[in-house]
Amino acid sequence: MSAAAALVVAGPPAAALEAALGEERAAAVRDVLVRRTLAVARAAAARVETAGSVAAAATLGPGPLLVLPSICPRLGAVHVAAALADLEAGCDAAYGPTLDGDCYLAALAAPRLELLSGSPFAVAREHAVEVGLVRHERALRTAADAAAFRADPLTPRDVRAVLGGG
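On a plain count of helices and strands, the protein comes out with six helices and six strands. Helices and strands in the protein line up, N terminus first, as β-α-α-β-β-α-β-β-α-β-α-α. Against the 2.2 N^0.38 benchmark of 15 Å for 166 residues, the protein shows a C-alpha radius of gyration of 15 Å, consistent with a compact globule. In terms of overall dimensions, the protein has C-alpha extents of about 45 × 30 × 25 Å along its principal axes. Counting the 166 residues in the protein, one finds 44% classified as buried. Restricting to contacts in the protein with at least 6 residues of sequence separation, those with at least 24 account for 68%. Split by element, the accessible area of the protein, about 7700 Å² in all, is 55% carbon and sulfur. Distance between charge centres in the protein, computed from 15 positive and 17 negative side chains, equals 7 Å.

Omega for the peptide link from G63 to P64 comes to 0°, which places this bond in the cis form. With respect to the secondary-structure elements, P64 resides in the loop between β2 (47-51) and β3 (65-69).

Right, let's get into the nonpolar core. Proteins that are soluble and globular tend to have nonpolar side chains buried together. Within the largest apolar cluster, 24 residues are counted, with the highest numbers of intra-cluster contacts made by L66, L75, Y104 and L105. Those residues in contact with L75, other than ones at most four positions away along the chain, are T37, V40, L68, Y104 and L105. By size, the runner-up hydrophobic cluster in this structure holds 16 residues, among which are V9, L60, Y95 and V129.

Next up on the list: the pairing of strand β1 (residues 5-9). In terms of burial, β1 is largely enclosed, as five of its five residues are buried. Neither face of β1 is left uncovered, since the one carrying A5, L7 and V9 and the one carrying A6 and V8 both have all their residues buried. In the sheet, β1 pairs with β2 via five bridges, with the strands oriented parallel. Of the residues in β2, the one forming a bridge with V8 is T50. With five bridges joining them, β1 and β3 adopt parallel strand pairing.

On to the side chain of H79. By secondary structure assignment, the location of H79 is in helix α3 (residues 77-88). Taking relative accessible area as the criterion, H79 reaches 1% and is therefore assigned buried. A distance of 3.3 Å separates polar atoms of two side chains, one belonging to H79 and the other to R135.

Note that V54 resides in the loop between β2 and β3. Residue class for V54 comes out partly exposed when judged on its relative accessible area of 34%. A sequence separation of 67 residues divides V54 from F121, and the C-alpha atoms of the two residues are 19 Å apart. Apart from residues no more than four positions distant in its own chain, V54 is found in contact with L7, V9, V67, L113 and L116.

The next point concerns the side chain of S70. Considering the arrangement of structural elements, one finds S70 in the loop between β3 and α3. Relative accessible area serves as the criterion here: at 10%, S70 is assigned to the buried category. Sequence-distant contacts of S70, that is, excluding residues within four places in its chain, are made with V9, A10, L33, V34 and T37.

So, about the environment of A45. Secondary-structure assignment places A45 in the loop between α2 (23-44) and β2. Among the residues examined, A45 registers a relative accessible area of 13% and is labelled buried. Along the primary structure A45 and L65 are separated by 20 residues, whereas in three dimensions their C-alpha atoms are 8.6 Å apart. In this view, A45 contacts A4, A5 and A6; residues no more than four positions away in its chain are not counted.

Reading the values: rules and limits
Residues numbered from 1 in each chain as written. Predicted model: local features only at pLDDT ≥ 70, side-chain atom pairs only at ≥ 80, totals over all residues. Heavy atoms only, no water. Helix = DSSP H or I, 4+ residues; strand = E, 2+ residues; numbered from the N terminus. Rg over C-alpha atoms; globule rule 2.2 N^0.38 Å. Buried < 20%, exposed > 50% of the residue type's maximum accessible area, 1.4 Å probe, protein only. Contact = heavy atoms within 4.5 Å. Areas by Shrake-Rupley, 256 points an atom, 1.4 Å probe, with all protein chains shown as cover. Lys, Arg positive; Asp, Glu negative; His and termini not counted. Charge placed at Lys NZ, Arg CZ, Asp CG, Glu CD. Core = buried A, V, L, I, M, F, W, Y, C linked by side-chain atoms within 4.5 Å. Pairing = 2+ DSSP bridges. Polar contact = N/O pair within 3.5 Å; in protein donor to acceptor, adjacent residues only side chain to side chain.

Here it is, written out as structure tokens:
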């Protein structure tokens, strides 16, 4: 399999997080998440781009392709390695689902944007593709998420600091 390309999706802070933390702190959280996600992408991919939506994934070449929304504080090399191993084993796509049903990671053997819409299970059924799953993680989008990350001893220090968790 050729070297992966990665798209880091760096959208605005979630409205619920902005309402809970205020505009300035929510922007700081977004910046930390983008920085962390870019570091993971750069360690795993030969080419890394950032964009505000997954549509930019179509321009990144033949695959494999990593799509990494900047929503998961605990995203790391282990997640990407597991997803790429699923592709190596023959999966068409591998996903890292969030606890709320979205994905914090999508790895595609080829840049098929239709595989980026919907839940991994719906995608598998609708497009008749082989799908791998990486472990679930919590996204950071709401006040409840922020509270959970402040309380979690495994939350990275830089995320904890920007959340006000010491």
